[in-house]
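The primary structure of each chain is shown beneath.
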Number of protein chains: 2
Amino acid sequence: MSLSFDELLHQRRKQIENELDALLIRRPGLPEELLAAMRYSLLAPGKRLRPLLVLLAHEACGSSGAPPWPAACAVEMVHVYSLIHDDLPAMDDDDLRRGQPTCHKKFSEATAILAGDALLTMAFEVLADAYPGATAAACCGDLARAAGAAGMVGGQADDLAWERSTESTHRSLADLEFLHQRKTGALIRSCLRLGAHVAYANQPTGRAPQDLLDCFDQYGRCLGLAFQITDDLLDAVGTVQSTGKAVGKDAARGKLTYPGLLGVEESRRRAELLGEEARAALKPFGQQAASLERLIDFVLTRDH
Amino acid sequence: MSLSFDELLHQRRKQIENELDALLIRRPGLPEELLAAMRYSLLAPGKRLRPLLVLLAHEACGSSGAPPWPAACAVEMVHVYSLIHDDLPAMDDDDLRRGQPTCHKKFSEATAILAGDALLTMAFEVLADAYPGATAAACCGDLARAAGAAGMVGGQADDLAWERSTESTHRSLADLEFLHQRKTGALIRSCLRLGAHVAYANQPTGRAPQDLLDCFDQYGRCLGLAFQITDDLLDAVGTVQSTGKAVGKDAARGKLTYPGLLGVEESRRRAELLGEEARAALKPFGQQAASLERLIDFVLTRDH
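These lines cover the structure that appears in this document, whether it is placed above or below. (Residues numbered from 1 in each chain as written. Chains lettered and ligands numbered in written order. Predicted model: local features only at pLDDT ≥ 70, side-chain atom pairs only at ≥ 80, totals over all residues.)

Looking only at helices and strands, chain A has 15 helices and 2 strands in total. What you see for chain A is a C-alpha radius of gyration of 19 Å, in line with the 19 Å of a compact globule of 304 residues. A principal-axis box enclosing the C-alpha atoms of chain A has dimensions of 55 × 50 × 35 Å. By residue count, 54% of the 304 residues in chain A fall in the buried class. Restricting the contact set of chain A to residue pairs at least 6 apart, pairs at least 24 apart contribute 74%. (Helix = DSSP H or I, 4+ residues; strand = E, 2+ residues; numbered from the N terminus. Rg over C-alpha atoms; globule rule 2.2 N^0.38 Å. Buried ≥ 20, exposed ≤ 12 C-beta atoms within 10 Å, placed from the backbone. Contact = placed C-beta atoms within 7 Å.)

Right under this line is the structure:
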């Protein structure tokens with residue numbers, strides 16, 4: 001049964017990658033190197049956690065409304081843009097990502113900045129074109145809120161500021177979680193919201209009801225933090241081979257992490273607890289949320 | 001009468017700046033330096049040509065539908081993000097913009113990258129939240145198409161690639177205009193489209209009819225190229241005082257420009273001709289397009 005869930009994820013990932021590939025092939029007249037850089041980063045092997053969340057949230061809402069694929073592609077574009085920009089020399093200055101040279105190493109810094117800009121922009125184009133007005137607007141609004149200054153970009157700004165200040169050792173667990181709620185959590189929550197909106201595309205409002213969004217927000221909040229804890233643990237105790245990127249960098253940079261703040265064992269316990277909370281938030285969806293529920297274990301036990 | 005049009009533009013600019021200011025004040029919890037950088041670049045004195053185009057296109061369509069201010073703010077956010085990223089060391093490497101240090105000079109490269117990302121993202125949030133579904137979706141789609149890889153970002157990528165190749169002297173007028181149609185023209189055209197969509201926000205389709213968009217596309221195409229010619233002429237014959245940025249940089253970089261390709265006099269004649277074409281495209285709108293018509297002279301005779 002566990003194998004069959006792995007197979008399902010594998011199959012969905014392939015479909016997502018085919019859809020992403022198709023969106024970036026049917027585009028004549030784009031500058032060659034720009035398109036190559038966009039494809040290089042977007043199609044590099046990845047977990048595809050965010051688009052999977054769109055698909056599984058859509059499924060938890062009964063797989064009704066419109067197809068979830070464009071929304072799944074849009075969130076992956078936003079995620080990959082953020083990786084490209086975060087890896088830049090002026091930001092985290094990383095050479096390796098998803099097991100291959102980072103975009104600015106493979107191409108150039110200018111091309112990496114522009115490829116990121118183009119992917120972010122394209123996410124909104126895909127949403128606006130794929131869905132009926134009200135659904136497209138709800139998706140664009142939620143995605144922009146999650147990705148912007150109050151969400152992902154703001155989290156990255158604070159992360160850089162903390163790393164460069166001398167006070168990082170005085171930060172609390174609340175500070176750390178406020179950071180991650182924006183840096184990675186906001187986009188993760190928005191994936192669930194988008195999957196839900198799309199499932200209501202044929203309803204008069206064209207968007208998911210609030211009580212359902214609240215459940216997803218709670219699930220996403222817990223899953224996002226659990227995901228971040230395992231990310232920190234992988235950097236602390238993982239290997240380059242399994243993670244496909246440099247490890248031990250957090251400690252070397254004096255970055256605030258869960259293992260650094262709570263220790264490895266307590267971090268693992270906290271991830272487990274968050275997993276339980278995430279599970280509880282899915283109750284109202286019943287059996288339709290079975291895949292979202294199994295995804296919790298996938299996130300907690302991942303090795304890359 | 002010419003004075004009164006200048007006064008109108010001045011007044012509209014003030015209103016635009018008040019609206020931009022308000023959008024970036026009502027945002028609690030943003031990282032301090034990030035917000036400061038966004039405000040610094042967005043509120044620096046500017047011509048506000050793009051938001052003015054939104055307002056005047058809305059007026060040409062009868063000032064009906066919904067208020068044009070959110071759309072006007074959104075296009076200025078996209079424009080300013082593009083200036084911030086284009087000025088980065090890895091791109092055009094400029095120290096001066098709108099008469100003051102560029103964003104990365106005033107803050108840091110990381111903050112400038114993130115401030116640009118945040119402004120681009122916020123443009124879509126503003127559109128999605130301000131308008132009814134169909135209108136918001138039409139605006140998000142048109143703006144993303146104009147700003148993305150097939151538009152502005154693609155134009156900037158080609159501009160950089162040409163500048164860094166040794167073949168720039170072999171480019172033709174057609175090459176130059178294809179570049180500008182994307183680098184500056186696409187966003188200018190989208191301003192007119194957004195103003196038009198907003199004017200139809202209360203209609204069943206929620207978006208402007210195609211024949212009207214075609215007229216605006218023609219007007220915007222001509223105005224955008226005329227604008228670019230005067231930009232090139234200002235760099236060739238203007239002063240730092242009048243333009244608020246370094247001049248003579250195009251020639252020093254061996255950049256392909258109108259004066260470089262056609263000479264100063266022929267460039268001026270071409271701008272005049274494009275002005276005539278732009279005027280002709282406004283015919284169907286009659287007296288309601290009076291301000292858009294007067295804007296042509298403003299663009300042709302500007303000194304900064």
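Given a rise of 1.5 Å per residue, 15 residues ought to cover 21 Å, and the 21 Å separating the end C-alpha atoms of helix α7 (residues 133–147) of chain A matches this to within 8%. Burial analysis of α7 of chain A places 15 of its 15 residues in the buried class, the great majority of the element. (Expected span 1.5 Å × (residues − 1).)

Turning our attention to the interface of chain B and chain A. At the junction of the two partners, chain B supplies 45 residues and chain A supplies 45 residues. Looking at the side of chain B that touches chain A, the elements with two or more residues in it are α2 (32–42), α6 (109–130), α7 (133–147) and α8 (152–164) of chain B. Here the side of chain B that touches chain A gets 13 residues from one element, more than from any other, and that element is α6 of chain B.

Rotating chain B by 180 degrees about the axis while translating it 0.0 Å along that axis superimposes it on chain A, leaving an RMSD of 0.0 Å. Accordingly, the operation relating the two chain copies is best matched by a two-fold axis. Closest to the rotation axis within chain B is the C-alpha of G133 of chain B, separated from it by 2.2 Å. Here 100% of the contact residues of chain B are again contact residues in chain A; the copies associate through an equivalent surface. (Least-squares fit on C-alpha atoms with pLDDT ≥ 70 in both.)

Residue and element names in this part refer to chain A. Inspection of the secondary structure assignment puts R97 in strand β1 (residues 96–97). On the basis of neighbour counts, which here come to 23 C-beta atoms within 10 Å, the residue R97 falls in the buried class. When the C-alpha positions of R97 and D87 are compared, they lie 8.2 Å apart, and in sequence the two are 10 residues distant.

All names here are of chain B. You will see that R48, though not glycine, has its phi angle at about 60 degrees, which is positive. Checked against the element boundaries, R48 lands in the loop between α2 and α3 (49–60). The buried category is assigned to R48, around which 22 C-beta atoms lie within 10 Å. In this structure, S63 takes a positive phi of about 55 degrees despite not being glycine. Topologically, S63 is positioned in the loop between α3 and α4 (69–86).

Next up on the list: the packing of helix α10 (residues 210–237) of chain B against helix α14 (residues 264–281) of chain B. Residue and element names in this part refer to chain B. For the pair α10 and α14, the least separation of the axes is 8 Å and the interaxial angle reads 160 degrees. In terms of orientation, α10 and α14 fall into the roughly antiparallel class. The two elements α10 and α14 cross, and the hand of that crossing is left-handed. Split by residue class, the contact of α10 with α14 holds 15 nonpolar, 4 polar and 4 charged. (Axes fitted to C-alpha atoms, helices over the stretch in contact; angles between N-to-C directions. Parallel < 35°, antiparallel > 145°, perpendicular 65-115°, else oblique. Left-handed = near helix turned anticlockwise from the far one by under 90°. Nonpolar A, V, L, I, M, F, W, Y, C, P; charged D, E, K, R; others polar.)

Turning next to helix α3 (residues 49–60) of chain A. All names here are of chain A. In this model α3 runs 16 Å from its N-terminal to its C-terminal C-alpha over 12 residues, within 8% of the 16 Å that 1.5 Å per residue would give. Where burial is concerned, most of α3 is hidden: 11 out of the 12 residues are buried. Residues of α3 that are buried include every one of L49, R50, P51, L52, L53, V54, L55, L56, A57, H58 and A60, and no others.

The next subject is the packing of α3 of chain B against α4 of chain B. Each pair of packed helices can be summarised by the angle the axes make with each other and by the distance between the axes. Residue and element names in this part refer to chain B. Relative to each other, α3 and α4 sit at 155 degrees, their axes nearing to 8 Å. With respect to each other, α3 and α4 are oriented roughly antiparallel. Our pair here, α3 against α4, has a crossing hand that is right-handed. Residues R50, P51, V54 and L55 of α3 form the contact with α4, whose participating residues are A71, A72, C73, V75, E76 and H79. The class makeup of the residues in the contact of α3 with α4 is 7 nonpolar, 1 polar and 2 charged.

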